[in-house]
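Descriptive analysis of the structure
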Amino acid sequence: MEQEHLPIVLPLLDRMRLEPEDNVLDVGCGAGWLVRLLSEQLPEGRVVGVDLADEMIRRARRNNTDLENAMFVIGEAEEIPWDANFFTHAISVEAAYYWPDPRAALREIHRVLREGGSAWMLINYYRENAHAHQWGNILSVPAHLRSAAEWAAFFAEAGFSGVKHERIPDPTPAPEKYEGPWFRDSAQLRAFRQEGALLVWGTKPKT
Ligand SMILES: C[S@@+](CC[C@H](N)C(=O)[O-])C[C@H]1O[C@@H](n2cnc3c(N)ncnc32)[C@H](O)[C@@H]1O
């Protein structure tokens, strides 16, 4: 997924302003490409990828045996197998619309973050981008279509402050001809990328 997600993830990493000693959690890390990228940026920190699919975690471990500051654990966003108050940042890319209970997942992310830490969620399947709505009928696991305002409310309910959202357009040019299953045609893929991914973020307040 690296090739598809990198153009929207790079602007997100810019906004996160990571420091070399930060500890970052990637929720729904898949095969671990983003954990690898983060671990290279955080030589004095720790990066942990969590995913509920044991096959994904096996692949992530196999692909990243050379990383000394990264690890991969099997677990659900709704029950993260990690101690409280550890991470400075949590990130989740193209995974949150699968969460069966987003309130529980965001409470868990809030729990494992340090005070002053921040959570960053990036998704392409959300209410305002109609060019992805058809995915709901194609995906093999249930995906939940929610608006930016609904996501922001989940963040606030979980205890995050300063919750904001914005769109990150994907500047990748669409091919002249599109024959994949996700879009009607090349024009729809172009429109989807122009609408952009939804980024929602918030901070765990200091008490
Ligand atoms: C579309 S993939 C994205 C993977 C990766 N973030 C990327 O950008 O390539 C979604 C991932 O989220 C994981 N996932 C879905 N629901 C989850 C949950 N409730 N808890 C943890 N992981 C979950 C899936 O197993 C899958 O690996």
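Procedures and definitions
- Residues numbered from 1 in each chain as written.
- Predicted model: local features only at pLDDT ≥ 70, side-chain atom pairs only at ≥ 80, totals over all residues.
- Heavy atoms only, no water.
- Buried < 20%, exposed > 50% of the residue type's maximum accessible area, 1.4 Å probe, protein only.
- Helix = DSSP H or I, 4+ residues; strand = E, 2+ residues; numbered from the N terminus.
- Pairing = 2+ DSSP bridges.
- Right-handed = clockwise from strand over helix to strand, strands pointing away.
- Near = heavy atom within 4 Å.
- Polar contact = N/O pair within 3.5 Å; in protein donor to acceptor, adjacent residues only side chain to side chain.
- Areas by Shrake-Rupley, 256 points an atom, 1.4 Å probe, with all protein chains shown as cover.
- Contact = heavy atoms within 4.5 Å.
- Axes fitted to C-alpha atoms, helices over the stretch in contact; angles between N-to-C directions.
- Salt bridge = Lys/Arg side-chain N within 4 Å of Asp/Glu carboxyl O.

Quick look at the pairing of strand β1 (residues 24-27)
Neither face of β1 is open: one carries Val24 and Asp26, the other Leu25 and Val27, and all of them are buried. Here four bridges tie β1 to strand β2 (residues 47-51), and the two strands are oriented parallel to one another. Bridge pairing links Leu25 to Val48 in β2. For the handedness criterion, the β-α-β arrangement of β1, helix α2 (residues 33-41) and β2 is classed as right-handed. For β1 and strand β4 (residues 87-93), the ladder comprises three bridges, and the chain directions are parallel. Note that in β4 the partner of Val24 across the bridge is His89.

With respect to the site of the ligand
Taken together, 19 residues surround the ligand, and among them His5, Gly28, Trp33, Asp51 and Val93 come closest. Contact distances for the ligand include 3.1 Å between a nitrogen atom and a side-chain N or O atom of Glu78. Taken by itself the ligand offers 600 Å² of open surface, and the protein chains cover 90% of this.

Here we look at the environment of Leu25
By secondary structure assignment, the location of Leu25 is in strand β1. Residue Leu25 is classed as buried on the basis of its relative accessible area, which comes to 0%. Once the C-alpha coordinates of Leu25 and Glu78 are considered, the two residues, 53 residues apart in sequence, prove to be 14 Å apart. Dropping the residues within four chain positions of it, Leu25 is found in contact with Val48, Val50, Ile80, Phe87, His89, Ala90, Ile91 and Val112.

So, the sheet that holds strand β5 (residues 113-123)
The seven strands lie next to each other as β3-β2-β1-β4-β5-β7-β6, forming an open sheet whose pairing is mixed. The sheet is open, and its two edges are formed by β3 (70-74) and β6 (161-168), each paired on a single side. Direction aside, the axes of adjacent strands within the sheet are offset by 15 degrees on average. Sitting on the sheet, helix α4 (residues 102-112) is in contact with β1, β4 and β5, with an inclination near 140 degrees to β5.

Things to note about the pattern of salt bridges
On inspection of all chains with the given rule, the structure shows nine salt bridges. In this structure, the salt-bridge partner of Arg103 is Glu157, at a minimum N-O distance of 2.7 Å. Of this pair, Arg103 sits in helix α4 while Glu157 sits in helix α6 (residues 148-157); the two residues are 54 residues apart in sequence, bridging distant segments of the chain. Note on Arg103: relative accessible area 39%, which makes it partly exposed. The network of salt bridges with shared partners includes Arg36, Glu40 and Asp66.

So, unusual backbone geometry
With a phi angle near 60 degrees, Asn85 is a residue other than glycine that sits in the positive phi range. Here Asn85 falls in the partly exposed class, since its relative accessible area comes to 46%. Phi is positive for Glu94, close to 55 degrees, though the residue is something other than glycine. By the secondary structure assignment, Glu94 is in the loop between β4 and α4.

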